[in-house]
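Working through the structure, step by step
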Amino acid sequence: MSDNAFAMDDWPEPDQDLGPLTRGEAVELLAKQAGRSREVAETMVRDYLDETSARLGYSVHRWGLDSADVAEIRRDYEWIDYEAGETPADARTRAAVNAAGWAQVAAEVHRDHSPGYASRADRKAVEWAERAEDGWST
């Protein structure tokens, strides 16, 4: 046995929250956690699987999901206005506009007189810039 090997007794127990979920279970969990309709939650899951498939170059639609996937879907897709028909690409365009606006505010705010607002403007500029990224570019 090499120095890098682990004995089976040393392996951590699997995280129960990361147990496999069916697509339907993931949709229900997402709808409950995000407060969105089942239809919107289904769209969020589909977009996540579509974008993951595009990134990897093959379909992952038959892969299982777990609670970590649901958390990632919430983080990456919850801010998209699906009810208004917004797509992830539309949302990223909106995010880029918002990022530029908050960056402009951050650059113009008087930091000595409004340090709290300056900090908020900085955070918002970064938040919207991260949302504007497609997440798959290198």
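Please refer to the structure higher up on the page.
A closer look at the overall build of the protein chain
From N to C terminus, the protein chain includes 5 helices and 0 strands. From first element to last, N terminus to C terminus, the protein chain shows the α and β order α-α-α-α-α. In the protein chain, which comprises 138 residues, the share counted as buried stands at 29%. A separation threshold of at least 6 residues defines the contact pool for the protein chain, and within that pool the share at least 24 residues apart is 53%. Carbon and sulfur atoms make up 52% of the accessible area of the protein chain, which totals about 9300 Å².

Structural notes on the nonpolar core
Counting 27 residues, the largest nonpolar core has L30, M44, V45, I73 and Y77 as the members making the most contacts within it. Among the elements of the structure, α1 (23–34), α2 (38–56), α3 (67–77), α4 (88–108) and α5 (115–132) are those that each provide at least two residues to this core. It is α2 that provides the largest number of residues to this core, a total of 6 residues. Setting aside chain neighbours within four positions, we find M44 in contact with L30, R36, I73, Y77, E78 and Y82.

Digging into the packing of α4 against α5
Following both chains from N to C, one finds α4 and α5 inclined at 155°, their axes separated by 7 Å at the closest point. Comparing their axes, α5 and α4 come out roughly antiparallel. Pair α4 / α5 crosses with left-handed handedness. Mapping the contact onto sequence places R92, R94, A95, A96, N98, A99, W102, A103, V105 and A106 in α4 and Y117, R120, A121, D122, K124, A125, W128, A129, R131 and A132 in α5. Of the residues that constitute the contact of α4 with α5, the class distribution is 13 nonpolar, 1 polar and 6 charged.

As for α2
Taking 1.5 Å per residue as the helical rise, α2 with its 19 residues ought to reach 27 Å, and the 27 Å between its terminal C-alpha atoms agrees with that figure. Among the residues of α2, V40, A41, T43, M44, V45, D47, Y48, L49, E51, T52 and S53 are the ones counted as buried. Residues of α2 that are buried make contact with α1, α3 and α4.

Thoughts on α5
An α-helical turn contains 3.6 residues, so a residue and the one three or four places further along point in the same direction. Its 18 residues place the ends of α5 26 Å apart at the C-alpha level, agreeing with the 26 Å of an ideal helix rising 1.5 Å per residue. Every buried residue belonging to α5 is among A118, A121, A125 and W128, and all of these are buried. All buried residues of α5 fall inside an arc of 100° around its axis, so they share one side. Every exposed residue of α5 that faces more than 90 degrees away from the buried side is listed here: P115, G116, R123 and E130. Summarising the contacts, the buried residues of α5 are in contact with α4.

Conventions we followed
- Residues numbered from 1 in each chain as written.
- Predicted model: local features only at pLDDT ≥ 70, side-chain atom pairs only at ≥ 80, totals over all residues.
- Heavy atoms only, no water.
- Helix = DSSP H or I, 4+ residues; strand = E, 2+ residues; numbered from the N terminus.
- Buried < 20%, exposed > 50% of the residue type's maximum accessible area, 1.4 Å probe, protein only.
- Contact = heavy atoms within 4.5 Å.
- Areas by Shrake-Rupley, 256 points an atom, 1.4 Å probe, with all protein chains shown as cover.
- Core = buried A, V, L, I, M, F, W, Y, C linked by side-chain atoms within 4.5 Å.
- Axes fitted to C-alpha atoms, helices over the stretch in contact; angles between N-to-C directions.
- Parallel < 35°, antiparallel > 145°, perpendicular 65-115°, else oblique.
- Left-handed = near helix turned anticlockwise from the far one by under 90°.
- Nonpolar A, V, L, I, M, F, W, Y, C, P; charged D, E, K, R; others polar.
- Expected span 1.5 Å × (residues − 1).
- Arc of directions from axis to C-beta.

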